[in-house]
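Okay, here's what each chain looks like letter by letter:
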Amino acid sequence: MAKILAIFGATGQQGSSVLNYVLNDPELSQQYQVRAITRDINSEKAQQLQEKGNIEVVDGDVSNPASLASALTGVHTVFAMTTPDLSPDAFEVEFGNAKRIADVAVQQGVDYLIWSTLPSVRDISKGKYSAVIPFDAKAAAEEYIRTLPINSAFVSLGSFMENLQPQTPLAPTKAPDGTYVLARHTSPKAQFPLLDAVGDTGKFVGAILAEPEKFQGKRLHAATKLYSVEEIIALMSKSSGKTIVYKHISTEEFKAGLPFFQDVFAEGFSFMEEYGYFGPGTETLVAEAAATGSRAKGWCGPQNVYFT
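The paragraphs below set out a description of the structure included in this document. Just so it is clear, the model here is predicted, and its values are computed rather than measured.

A word on the sheet that holds strand S13 (residues 244-248). Adjacent strands of a sheet form backbone hydrogen bonds with each other and so pair up, either parallel or antiparallel. Judged by pairing direction, the sheet is mixed, and its three strands sit side by side in the order S8-S9-S13 without closing on themselves. In the strand order of this sheet, the two ends are held by strand S8 (173-174) and S13, each with one partner. The pairing of S8 with strand S9 (residues 180-184) spans two bridges and is antiparallel. Counterpart to Lys 174 in the pairing with S9 is Tyr 180. On the sheet, helix H10 (residues 229-240) packs against S9 and S13 and is oriented at approximately 150° with respect to S13.

And the structure:
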């Protein structure tokens, strides 16, 4: 009998990637029955999942233990992630949601929990950068999960290529002369481990699902490879056919151009330039992940960062 795999955020970038990868993999699709957990089963995306016919779509409110208990009944494996919070209590809210998922998973007898984590910027920088709360909250959740009586593995996702596509606040903007400008307060030599979140997240999580014993207690750093900002611009220019240039600006100018998470992105990019996205040893960690095995290969690649 197939084991139930519960996927949080099944209608989002990460969850949908895991869901589609499992459904399309000849081996994993036989091993796991997918249960998609979503905040709103009546949403358009949730309805589209139900129309597939081979997915169980259920409500799952991360702020409600009873809702989570129902969603995780009979589940063998969980892929879980949390979304950043915008309130003044952002850390407490996101960490609380993660803790609730993990606690209920243990209570419901879940065998294996795969947590979407990130490095602790505050800890690695020894408090120099304290505003990157979405990273710190996920790292704290990982630390907590490691104390629980449940098998677990962790996937730490690189910088999403989707964040550089049009209509996102981090994308290049069109200049009066028709060129596009990617403006940052960091050096164009700064390196980022890119990941096509929709195209590639499932490949990394799929590697864990295929060999859970191998990844027990381990963290897989998910990215195709490291790219400098200069390389990213060159690749985007080539794939789009548009002229994209780099402009160095002040931290204040960079923050002023963002509609939200100003301090998060400003400190986050500064941290990544100084310490590396995953902290010291980032280059080695990314190389190790890329060599994980055939299930974590076949990248969508930076050509997916495009302009229309």
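Having seen the model, we can carry on.
Moving on: the packing of aromatic side chains. The description of two aromatic rings rests on the distance between their centres and on the angle between their planes. Counted by the stated rule, this structure contains 12 aromatic pairs. A centroid spacing of 6.0 Å and a plane angle of 15° characterise the contact between Phe 91 and Phe 95, whose relative ring orientation is stacked. A residue pair is termed a helical-turn pair when its members lie 3 or 4 positions apart in one helix, as Phe 91 and Phe 95 do in helix H5 (residues 90-107) at four residues. Ring geometry for Tyr 129 versus Phe 271: centroids 6.4 Å apart, planes at 80°, classification edge-to-face. Within this pair, whereas Tyr 129 is found in the loop between helix H6 (121-124) and helix H7 (133-145), its partner Phe 271 is found in helix H12 (residues 262-275), the two being separated by 142 residues in sequence. Phe 271 carries the same exposure label as Tyr 129, and that label is buried. A connected cluster of aromatic rings, assembled from ring pairs, spans Phe 192, Phe 254, Phe 260, Phe 261, Phe 265 and Phe 269. Across from the ring centre of Tyr 227, 5.2 Å away, lies the NZ or CZ of Lys 225, which sits over that ring.

Reading the values: the criteria
- Residues numbered from 1 in each chain as written.
- Predicted model: local features only at pLDDT ≥ 70, side-chain atom pairs only at ≥ 80, totals over all residues.
- Heavy atoms only, no water.
- Pairing = 2+ DSSP bridges.
- Helix = DSSP H or I, 4+ residues; strand = E, 2+ residues; numbered from the N terminus.
- Contact = heavy atoms within 4.5 Å.
- Axes fitted to C-alpha atoms, helices over the stretch in contact; angles between N-to-C directions.
- Phe/Tyr/Trp six-rings, centres within 6.5 Å; stacked < 30°, edge-to-face > 60°.
- Buried < 20%, exposed > 50% of the residue type's maximum accessible area, 1.4 Å probe, protein only.
- Lys NZ or Arg CZ within 6 Å of the ring centre and 35° of its normal.

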